[in-house]
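# Structure at a glance
In case you want the letters, here they are:
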Amino acid sequence: MGSEGPTTPITTIHVTGFKKFHGVSENPTETIVNNLTEHMNKKGLPKGLAIGSCSILETAGQGALVPLYQRLQSAIIAKDSESSNSNRIIWVHFGVNSGATRFAIENQAVNEANFRCPDEMGWKPQKVPIVPSDGGISRTRETSLPVEEITKALVEKGYEVMVSDDAGRFVCNYVYYHSLRFAEQNGIKSLFVHVPLFVTINEETQMQFAASLLEVLASIP
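Note that the coordinates shown come from a computational prediction; the quantities given were computed from them, not determined experimentally.

## So, the layout of surface pockets
In this model, the largest pocket occupies a volume close to 290 Å³. Lining the largest pocket we find 18 residues, and of these Val96, Asn97, Ala167, Gly168 and His194 sit closest to its centre. Put simply, the parts of the chain that give the lining of the largest pocket at least two residues each are strand 4 (103–106) and strand 7 (161–164). Residue composition of the lining of the largest pocket, grouped by class: 8 nonpolar, 5 polar and 5 charged.

Shown next as structure tokens:
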């Protein structure tokens with residue numbers, strides 16, 4: 001009793017970024033996510049961390065819901081089909097905030113779609129609930145991950161990063177709300193992180209930040 005098995009518990013992290021959208025012709029998150037596995041493998045994955053998948057989402061809400069859910073579901077299917085000792089699954093969604101000067105760890109999403117411009121599929125909802133069965137547009141869902149602790153660890157590593165309670169009302173918030181709801185229903189975790197443009201914080205620093213974030217997440221007990 002009380003003895004631990006010889007294997008380290010694994011945290012499997014699935015990562016998403018977004019394609020271009022109105023006003024952002026080159027989305028830094030597409031570059032970050034496409035290069036993340038190679039970047040991390042070069043320096044060696046820390047013990048207890050596995051990268052499950054890296055995928056790029058359409059910058060769209062309702063019209064991209066089916067592929068979003070297929071993607072979220074794939075992590076559950078992979079977990080069920082593997083006899084691995086992966087005991088924790090985390091979805092990390094990267095999105096760009098073109099006006100930001102630092103990284104932001106998003107604590108929550110709001111059940112409101114209020115798009116300032118049409119998404120990449122031409123949808124422009126105004127003050128409508130993302131999931132009507134969840135209630136009104138003031139309903140929020142919070143991540144079960146310790147955002148303060150994560151942010152503090154990243155600040156200590158030298159990054160300019162803050163906790164945010166406002167992921168906007170565009171596609172980032174829309175995806176995060178669905179992901180948090182899915183995570184709660186399936187016993188996994190979800191986190192959204194906003195990054196600046198590469199002209200504000202360069203690509204190499206952002207790659208290092210993304211790698212450090214995954215390391216921090218894997219180290220949380």
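Read on for the rest.
## Focus: the pairing of strand 8 (residues 189–195)
For strand 8, the buried fraction is high: 6 of the 7 residues fall into the buried class. In the sheet, strand 4 pairs with strand 8 via 3 bridges, with the strands oriented antiparallel. Note that in strand 8 the partner of alanine 104 across the bridge is histidine 194.

## Some remarks on the pattern of salt bridges
Under the criterion given, the structure shown has 9 salt bridges. Among the ionic pairs, glutamate 184 bridges to arginine 141, the shortest N-O distance being 3.1 Å. Here glutamate 184 is found in helix 4 (residues 171–186), whereas its partner arginine 141 is found in strand 6 (residues 140–142), with 43 residues between them in sequence. Note on glutamate 184: relative accessible area 60%, which makes it exposed.

## As for the packing of helix 3 (residues 147–156) against helix 5 (residues 203–219)
For the pair helix 3 and helix 5, interaxial distance at closest approach is 10 Å and the crossing angle is 130°. When the axis of helix 3 is compared with that of helix 5, the two are oblique. When the axes of helix 3 and helix 5 are compared, the crossing they make is right-handed. Residues Ile150, Ala153 and Leu154 of helix 3 lie in contact with helix 5, whose contacting residues are Phe209, Ser212, Leu213, Val216 and Leu217.

## Overview of the environment of histidine 194
Along the chain, histidine 194 falls in strand 8. Assessed through its relative accessible area of 7%, histidine 194 is described here as buried. Remark: the alpha-carbon pair of histidine 194 and threonine 29, spanning 165 residues in sequence, is separated by 9.0 Å. Sequence-distant contacts of histidine 194, that is, excluding residues within four places in its chain, are made with Gly95, Val96, Asn97, Arg102, Phe103, Ala104, Glu106, Ala167 and Cys172. Within the structure, histidine 194 has its side chain in polar contact with the side chain of glutamate 106 (distance 2.8 Å).

## A few points about the packing of aromatic side chains
Evaluated as defined, the whole model comprises 11 aromatic pairs. Between phenylalanine 103 and phenylalanine 209, the ring centres sit 3.6 Å apart and the planes meet at 0°, which makes this aromatic pair stacked. With phenylalanine 103 in strand 4 and phenylalanine 209 in helix 5, this residue pair connects regions lying 106 residues apart in the sequence. Summarising the burial analysis for this pair, phenylalanine 103 and phenylalanine 209 share the class buried. Site record: aromatic cluster; members linked through ring pairs are Phe21, Phe115, Trp123, Phe170 and Tyr174. The ring of phenylalanine 170 has arginine 116 sitting right over it, with the charged end atom 4.8 Å from the ring centre.

Analysis parameters
- Residues numbered from 1 in each chain as written.
- Predicted model: local features only at pLDDT ≥ 70, side-chain atom pairs only at ≥ 80, totals over all residues.
- Heavy atoms only, no water.
- 1 Å grid on protein atoms, 1.4 Å probe; cavity = no way out; pocket = protein on both sides within 12 Å on 5 of 7 lines; lining within 4 Å.
- Points joined across faces, edges and corners; volume = space filled by probe spheres on them.
- Helix = DSSP H or I, 4+ residues; strand = E, 2+ residues; numbered from the N terminus.
- Nonpolar A, V, L, I, M, F, W, Y, C, P; charged D, E, K, R; others polar.
- Buried < 20%, exposed > 50% of the residue type's maximum accessible area, 1.4 Å probe, protein only.
- Pairing = 2+ DSSP bridges.
- Salt bridge = Lys/Arg side-chain N within 4 Å of Asp/Glu carboxyl O.
- Axes fitted to C-alpha atoms, helices over the stretch in contact; angles between N-to-C directions.
- Parallel < 35°, antiparallel > 145°, perpendicular 65-115°, else oblique.
- Left-handed = near helix turned anticlockwise from the far one by under 90°.
- Contact = heavy atoms within 4.5 Å.
- Polar contact = N/O pair within 3.5 Å; in protein donor to acceptor, adjacent residues only side chain to side chain.
- Phe/Tyr/Trp six-rings, centres within 6.5 Å; stacked < 30°, edge-to-face > 60°.
- Lys NZ or Arg CZ within 6 Å of the ring centre and 35° of its normal.

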